[in-house]
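Below, each chain spelled out in residue letters.
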Amino acid sequence: MAGSSAERIGYLTRVQSFSACHRLHSVHLSDEENKEVYGKCNNPNGHGHNYKVEVTVRGKIDGVTGMVMNLTDLKQCIEDVIMTPLDHKNLDKDVPYFANVVSTTENLAVYIWDNMVKVTPPNLLYEIKIHETDKNIITYRGE
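Just so it is clear, the model here is predicted, and its values are computed rather than measured.

Cut-offs and rules
Residues numbered from 1 in each chain as written. Predicted model: local features only at pLDDT ≥ 70, side-chain atom pairs only at ≥ 80, totals over all residues. Heavy atoms only, no water. Pairing = 2+ DSSP bridges. Helix = DSSP H or I, 4+ residues; strand = E, 2+ residues; numbered from the N terminus. Expected span 1.5 Å × (residues − 1). Buried < 20%, exposed > 50% of the residue type's maximum accessible area, 1.4 Å probe, protein only. Contact = heavy atoms within 4.5 Å. Bend = angle between axes of the 7 residues up to and from the residue. Polar contact = N/O pair within 3.5 Å; in protein donor to acceptor, adjacent residues only side chain to side chain. Axes fitted to C-alpha atoms, helices over the stretch in contact; angles between N-to-C directions. Parallel < 35°, antiparallel > 145°, perpendicular 65-115°, else oblique. Left-handed = near helix turned anticlockwise from the far one by under 90°. Phe/Tyr/Trp six-rings, centres within 6.5 Å; stacked < 30°, edge-to-face > 60°.

## Considerations on the pairing of strand β2 (residues 47–60)
Note that strand β1 (residues 9–22) and β2 share 14 bridges and pair antiparallel. Across the sheet, residue Ser19 finds its bridge partner in β2, namely Asn50. When β2 meets strand β4 (residues 125–131), the two strands line up antiparallel, connected through 6 bridges. Each residue of the ladder has a partner; that of Thr56, found in β4, is Glu127.

## What to know about helix α4 (residues 105–119)
In a regular helix each residue adds 1.5 Å, so 15 residues correspond to 21 Å; α4 covers 21 Å between its end C-alpha atoms and thus fits that length. Among all positions in α4, only Thr105, Leu108, Ala109, Val110, Tyr111, Ile112, Trp113 and Met116 are buried. Residues of α4 that are buried sit in contact with β1, β2, α2 (71–86), α3 (91–94), β4 and β5 (137–140).

## Observations regarding α2
Across its 16 residues, α2 extends 21 Å between first and last C-alpha, which sits within 8% of the 22 Å expected from 1.5 Å per residue. For α2, the principal kink sits at Glu79 and spans about 40°. By the burial criterion, the buried members of α2 are Leu74, Cys77, Ile78, Val81, Ile82, Met83 and Leu86. In this fold, the buried residues of α2 make contact with β1, β2, β3 (89–90), α3 and α4. For α2, the N-terminal capping position is held by Asn70, with its side-chain oxygen 2.8 Å away from the main-chain nitrogen of Thr72.

## What to know about the sheet that holds β2
Read across the sheet, 5 strands follow the order β3-β1-β2-β4-β5 without closing on themselves; strand pairing throughout is mixed. Each end of this open sheet is capped by a strand with a single partner; those strands are β3 and β5. The strands touched by α2 within the sheet are β1, β2 and β3, with β1 carrying the most contacts at an inclination of about 20°. The strands that α4 touches are β1, β2, β4 and β5; relative to β4, the one it contacts most, it runs at about 145°.

## Remarks on the packing of α2 against α4
For the pair α2 and α4, the least separation of the axes is 10 Å and the interaxial angle reads 140°. Considering the angle they form, α2 stands oblique to α4. Crossing handedness for the pair α2 and α4: right-handed. On α4, the residues touching Leu74, Cys77, Ile78, Val81, Ile82, Pro85 and Leu86 of α2 are Leu108, Tyr111, Ile112, Asn115, Met116 and Val119.

## Remarks on unusual backbone geometry
The backbone phi angle of His88 is positive, close to 55°, even though this residue is not glycine. You can see His88 is positioned in the loop between α2 and β3. Of note, Asn123 is a non-glycine position whose phi angle comes to about 60°, a positive value. By secondary structure assignment, the location of Asn123 is in the loop between α4 and β4.

## What to know about the packing of aromatic side chains
Overall, the coordinates contain 6 aromatic pairs when judged by the stated rule. On the basis of an interplanar angle of 85° and a centroid distance of 5.0 Å, the ring pair of Tyr97 and Phe98 is categorised as edge-to-face. Using a relative accessible area of 3% as the deciding quantity, one classes Phe98 as buried. Ring geometry for Phe98 and Tyr111: centres 5.6 Å apart, planes at 45°, overall tilted. Linking Phe98 in the loop between α3 and α4 with Tyr111 in helix α4, this pair joins segments that are 13 residues apart in sequence. Residue class for Tyr111 comes out buried when judged on its relative accessible area of 10%. By way of ring pairs, the aromatic residues Tyr97, Phe98 and Tyr111 are connected into one cluster.

This is how it looks when you write it as structure tokens:
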């Protein structure tokens, strides 16, 4: 096969949407400081987002299967790590991780990364990108 000896690297991205609510509030700040730092996002009753998450894996395109990773497997990882624990949830009250961690989108990206890395093949997870709104996007690459 022509060119089959060259190693080709591919990036496979799966996009998934979920809805959740949260309140930006740090236990390390006073109520007054929380209002100052987080503004309307510190509303005691919280607020919601329709998040869009892009999960990207990066790896060698397999010479036999032609895949970086089986998409069915990636979809299952996303179901287990993102949809089941996060969709239609109150991040602060339903997700133990956020009991003491402020549920910013940055920290949400870290949470998703840390859990995706446990269920995807070693060294394959490349990036978690979360669109909190049309204008606010967070990218995390495990650094």
